[in-house]
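Okay, here's what each chain looks like letter by letter:
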Amino acid sequence: MLGFSSEIKAEDNAMVVQTIGTGIIRGKDVAAARDEALSNAMVSSVQSAVVDLVPMEIFISNFKKLDESIFENIGDYILEYKILAENTSGKTYRIMVEATLFEEKIMGILSTLETVS
């Protein structure tokens, strides 16, 4: 499971994102599928924020740096989250989440990206 930062700083601006995560129910392990869906939703929340904040061509050309600095440590960029809805359909578990992100931390990384010429 992801670790989330509990440290709140006054200068950090918050960004709220809603996403859906999916997990596969293997055997009868619904709890593991729920955890997988939640983790997937958290990653999607941060990805969605980055895509909203930077042009796609810059995202693509800097993907390795973003992957290593943000996506491997997404818990550092999530202030809190709220589960809005959950559903099981066959072997699929879906969860809808509203995540509050540290926009200023994300922008700090994005400001170091190389622009496309």
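J.: Which residues make up the side chain of serine 45, and what values do they have?
T.: Tracing the chain through its elements places serine 45 in helix α1 (residues 30–53). For serine 45, a relative accessible area of 0% translates into the label buried. Here threonine 19 takes part through its side chain, which lies 2.9 Å from a polar atom of the side chain of serine 45. Each residue touching serine 45, except ones within four places of it in the same chain, is listed here: Val17, Thr19, Ala99 and Leu101.

J.: Explain the pattern of salt bridges to me, and be specific about the residues and the numbers.
T.: Scanning the model with the defined rule gives 4 salt bridges in all. Arginine 34 is the partner of glutamate 86 in a salt bridge, and the nearest nitrogen-oxygen pair spans 2.6 Å. Here glutamate 86, found in strand β2 (residues 78–89), pairs with arginine 34, found in helix α1; they are 52 residues apart in sequence, far enough to count as distant. Measuring nitrogen to oxygen at the nearest pair gives 2.6 Å for the salt bridge that ties glutamate 68 to lysine 64.

What counts, and where the lines are drawn
Residues numbered from 1 in each chain as written. Predicted model: local features only at pLDDT ≥ 70, side-chain atom pairs only at ≥ 80, totals over all residues. Heavy atoms only, no water. Helix = DSSP H or I, 4+ residues; strand = E, 2+ residues; numbered from the N terminus. Buried < 20%, exposed > 50% of the residue type's maximum accessible area, 1.4 Å probe, protein only. Polar contact = N/O pair within 3.5 Å; in protein donor to acceptor, adjacent residues only side chain to side chain. Contact = heavy atoms within 4.5 Å. Salt bridge = Lys/Arg side-chain N within 4 Å of Asp/Glu carboxyl O.

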